[in-house]
Amino acid sequence: VCLPSNRTSSGARRRRTRCRRCEACLRSECGECHFCKDMKKFGGPGRMKQSCIMRQCIAPVLPHTAVCVVCKEAGKEDTLEDEEDKFNFMLMECSICNEIVHPHCLKMSDASGVVNDELPNCWECPKCNHAGKRGKGSTCVCKTKSHEPDVSSSSSSSSSADLHRYRRLKCVQMERHVIRPPPISPPPDRLPLKDGKTHVIQREVWMKIFNYLSHQELCVCMRVCKTWNRWCCDKRLWTKIDLNSTTPLMLSGIIRRQPVFLDLSWTNISKKQLSWLINRLPGLRVLKLSGCSWAAVSALCTSSCPLLRTLDVQWVEGLKDAQMRDLLSPPTDNRPGQSLGPQSSAYETDLRLAGLDITDTSLRLICQQMPNPSRRTRNPGGCSATATTWWTRGLCNRVTDHSLNFFKRCGSICQIDLRYCKQVTKTACERFIAEMSVSVPFKLKEDKLLQKAS
DNA sequence: TGTAACGTCTCT
DNA sequence: AGAGACGTTACA
Ligand SMILES: [Zn+2]
Ligand SMILES: [Zn+2]
Ligand SMILES: [Zn+2]
Ligand SMILES: [Zn+2]
């Protein structure tokens, strides 16, 4: 009997399993939810056999034993550096036909798969996407579900039911991102010339030269030829992206480059554009939104950004205490997910709040949500125990001495910048230092600039 | 092995 | 459509 390798011995499709890293996975069982009450350990009959609702994984992963149906090998993204290579050699499970493949192994250069952002390693494979023959571009998956092609209803059920369950959990209108067909080859090492020969300079040398160019100059180079276009798209050249105005075309350009540092300060970006971006930049660590509208910044209330470490919301018009509460609380629509507050997985956090019309109320909320030191020992990323949380603030006229009381309970805090908070006194800062001296010694680096003394 | 719980089937 | 049941998988 010859079974496809992406099925188990009994022919069932491969199950996903919890990621063990997300906020939900790291929680312990609540003991109170419907499924906990069913568990034998909580005195139930144990018939339902479901995960605690509080622990339902945000991003279930393919099992370690999963392999590509074509080449029978596992995912190889960890061994690759380039973002495109990573994608081509990671395992992708089709939500319609359930096949698990390396996109590279499909070799369908003319068709494109549609990546599903809701689950890791999930897409509609080029075959199924082609068979579906739906219009491309943004489509609400919730709405299109009812007229999905009936590929295999009689033979074997597809995973769109895995997905449906998951969507119920995470029911947010998700746009889908059509990706380019996987490139056939890695970027060429040499520049082909007209006479059939190649240029003497190798790619890595060119890359060193490109490194000296501004982004504007790189854009000019990208128009020179296919090879330069490919080379100039290298993510190493685009780790930091600055924009002073945003257009839809630029947004897709940002996605292709997957920056970790994104500066959208003082731009006219809209809420829709920002959430579109955040949903597609899982690796984003630094996000600068100073001078943007609260309408735009509020996109952060509904999108999670797991690796974000620095958030700059200085001078965001309309960001007051109530808005800060929304920003710090988990998404309101029952979706599991991380808020952008400091309780996210980030262990070094830099939050810039200057110029906001916030009061002590916001600071109390922020301090409440700071990771407390005892919880940090569970850090899944293996981040060292000395990792610190770093706060910078300033120029909030309505913040008073009272806020310093909240900071006393945040053992992980590293720096508090109150220099421009007119209502905060030097005396209060000195009292803060004195009271903290037993547990966490602080010093005054400048007037009203508190810094951990270690 | 044992424990957790995924995916799907059945019943309402 | 939704809830419950359960065989079977994932993983230690
Ligand atoms: Zn529970
Ligand atoms: Zn998880
Ligand atoms: Zn393969
Ligand atoms: Zn498929």
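So, a few notes on the structure that sits alongside this text. Residue indices begin from 1 for each chain and proceed along its sequence in written order. Labels follow written order: the first chain is A, the first ligand is 1, and so on. Under the rules for a predicted model, residues below a pLDDT of 70 receive no local features and side-chain atom pairs below 80 are neither given nor counted, while totals for whole chains, interfaces and linings still include all residues. Note that the side-chain values use all heavy atoms of the structure and ignore hydrogens as well as water.

Glancing now at the overall build of chain A. By definition, any uninterrupted DSSP run of H or I lasting at least four residues is a helix, any uninterrupted run of E lasting at least two residues is a strand, and each is numbered from the N terminus. A count of helical and extended segments in chain A gives 17 helices and 16 strands. Pairs of residues are marked as contacts when any of their non-hydrogen atoms sit within 4.5 Å. For chain A, contacts bridging at least 24 residues in sequence account for 63% of all contacts bridging at least 6. Surface accessibility of chain A: about 24100 Å² in total, with carbon and sulfur atoms responsible for 53%. Here, Shrake-Rupley sampling with a 1.4 Å probe gives the accessible areas, and only protein chains in the shown set may cover a residue.

Along helix α14 (residues 321–328), the positions that sit buried rather than exposed are Asp321, Gln323, Met324, Leu327 and Leu328. Along the axis of α14, the buried positions cluster into a sector of 160°, meaning they face one direction only. Where α14 is buried, its residues contact α13 (294–297) and α15 (360–368). Relative accessibility decides the category of a residue: with a 1.4 Å probe and only protein chains considered, values under 20% of the type maximum give buried, values over 50% give exposed, and everything between is partly exposed. The directions considered for the arc are those from the helix axis to the C-beta atoms.

Quick look at the sheet that holds strand β15 (residues 442–446) now. Criterion used throughout: strands pair if DSSP finds at least two bridges between them. Taken together, the three strands give an open sheet; going across it, the order is β14-β16-β15, and neighbouring strands pair in antiparallel fashion. With one partner strand each, in any of the chains shown, β14 (415–417) and β15 form the two edges of the open sheet. Neighbour to neighbour, the strand axes of the sheet diverge by 25° on average, direction disregarded. Sheet strands touched by helix α17 (residues 426–436): β14, β15 and β16 (449–452). Its angle to β15, the strand with the most contacts, is close to 150°. Only the stretch in contact is used when fitting a helix axis, every axis being a line fitted to C-alpha atoms; angles between N-to-C directions are given from 0 to 180 degrees.

This part is about the coordination of the zinc ion (ligand 1). Each donor-metal-donor angle in an ideal tetrahedron of four donors is 109.5 degrees, and each such angle in an ideal octahedron of six donors is either 90 or 180 degrees. Only N, O and S atoms count as donors, using a 2.8 Å cut-off from the metal and 3.2 Å for Na, K and Ca, and because water is excluded some sites may appear unfinished. With distances of 2.2 to 2.3 Å, the protein atoms coordinating the zinc ion (ligand 1) are Cys30 (SG), Cys33 (SG), Cys36 (SG) and Cys52 (SG). Under the classification used here, a metal with four donors is tetrahedral if each angle lies between 85 and 135 degrees, square planar if opposite donors are over 155 degrees apart and the others between 65 and 115, a six-donor metal meeting that same test is octahedral, and anything else is irregular. Around the zinc ion (ligand 1), the four donor atoms are arranged such that angles at the metal cover 102 to 118°; this shape is classified as tetrahedral. In primary-sequence terms, the residues that donate to the zinc ion (ligand 1) follow C-x2-C-x2-C-x15-C. Linking Cys30 in the loop between α1 (23–26) and α2 (34–38) with Cys52 in the loop between α2 and α3 (83–88), this pair joins segments that are 22 residues apart in sequence.

Our next topic: the pattern of salt bridges. The salt bridge definition used is simple: a Lys or Arg side-chain nitrogen within 4 Å of an Asp or Glu carboxyl oxygen. A complete count under the given rule lists nine salt bridges for this structure. Put simply, Lys426 and Asp447 hold a salt bridge, and the shortest N to O gap is 3.5 Å. With Lys426 in helix α17 and Asp447 in the loop between β15 and β16, this pair connects stretches of sequence that are 21 residues apart. You can call Asp447 partly exposed: its relative accessible area is 48%. Several salt bridges share partner residues, and in doing so they unite Arg203, Glu204 and Arg236 into one network.

Turning next to the coordination of the zinc ion (ligand 4). Protein ligation of the zinc ion (ligand 4) involves Cys94 (SG), Cys97 (SG), Cys125 (SG) and Cys128 (SG), the donor distances falling in the range 2.3 Å. Its four donor atoms give the zinc ion (ligand 4) angles of 105 to 116° at the centre, a pattern that matches the tetrahedral case. One chain supplies every donor to the zinc ion (ligand 4), and in sequence these donors are spaced C-x2-C-x27-C-x2-C. Placement of the pair is Cys94 in strand β1 (residues 92–94) and Cys128 in helix α5 (residues 126–132), with a sequence separation of 34 residues. Residue Cys94 shares its accessibility class with Cys128, and that shared class is buried.

Between rings of Phe, Tyr and Trp, where Trp is taken as its six-membered ring, a pair exists when centres lie within 6.5 Å; planes separated by under 30 degrees are stacked, by over 60 edge-to-face, and by other angles tilted. Enumeration over the complete set of coordinates arrives at six aromatic pairs. A ring pair is formed by Phe210 and Trp228, whose centres lie 5.3 Å apart and whose planes are at 85°; its orientation type is edge-to-face. Here Phe210 is found in helix α8 (residues 203–210), whereas its partner Trp228 is found in helix α10 (residues 226–232), with 18 residues between them in sequence. On the basis of relative accessibility, which here comes to 2%, the residue Phe210 falls in the buried class.

Once that is clear, we can look at the nonpolar core. Definition used in this section: a nonpolar core is a set of buried Ala, Val, Leu, Ile, Met, Phe, Trp, Tyr and Cys residues joined via side-chain atoms within 4.5 Å. Leu277, Leu287, Leu289, Val297, Met324, Leu404 and Leu450 are the most contacted members of the largest nonpolar core, which totals 55 residues. For this core, the secondary structure elements donating two or more residues are α11 (248–257), α12 (271–279), α13, α14, α15, α16 (403–408) and α17. It is α17 that provides the largest number of residues to this core, a total of five residues. When sequence neighbours within four positions are dropped, the list of residues in contact with Leu450 reads Leu404, Cys414, Gln415, Ile416, Leu418, Cys429, Phe432, Ile433, Phe442, Lys443 and Leu444. In this structure, Ile100, Leu106, Val115 and Cys128 belong to the second largest nonpolar core, which totals 18 residues.

This next bit is on the protein's contact with DNA strand B. Only a single heavy atom is needed: when it lies within 4 Å of a molecule or strand, its residue is near that molecule or strand. Around DNA strand B, the surrounding shell holds 13 residues, and the nearest of these are Arg15, Arg16, Arg18, Lys49 and Gln50. Take the atoms of DNA strand B that sit within 4 Å of the protein: sugar and phosphate atoms are 58% of them. Any N or O atom pair separated by 3.5 Å or less is treated as a polar contact, with the protein-specific requirement of one donor-capable and one acceptor-capable atom, and with residues adjacent in sequence counted only for side-chain atom pairs. Between DNA strand B and the protein, one listed contact pairs a phosphate oxygen with a side-chain N or O atom of Arg18 at 2.8 Å. A distance of 2.7 Å is found between a base oxygen of DNA strand B and a side-chain nitrogen or oxygen belonging to Gln50. Amino acid classes used here: Ala, Val, Leu, Ile, Met, Phe, Trp, Tyr, Cys and Pro are nonpolar; Asp, Glu, Lys and Arg are charged; the rest, including Gly, are polar. Per-class residue counts for the surface near DNA strand B are no nonpolar, three polar and ten charged.

A few words on the packing of α14 against α15. Closest axis-to-axis distance for the α14/α15 pair is 9 Å, and the angle between their directions is 15°. Relative to α15, the element α14 is oriented roughly parallel. Crossing angle aside, the handedness with which α14 passes α15 is right-handed. Here α14 contributes Asp321, Met324, Arg325 and Leu328 to the contact with α15, which in turn contributes Thr361, Ser362, Leu365 and Ile366. For this classification, under 35 degrees means roughly parallel, over 145 means roughly antiparallel, 65 to 115 means roughly perpendicular, and everything else is oblique. Here a crossing is called left-handed whenever its near helix is offset anticlockwise from the far helix by less than a right angle, and right-handed whenever the offset is clockwise.

Quick look at α17 now. Of all the residues in α17, the buried ones are Ala428, Cys429, Phe432, Ile433 and Met436. Axial view of α17: buried residues confined to an arc of 145°, hence all on one face. Each element contacted by the buried residues of α17 is listed here: α16, β14, β15 and β16.

On their own, these measurements won't tell you what the molecule is for.
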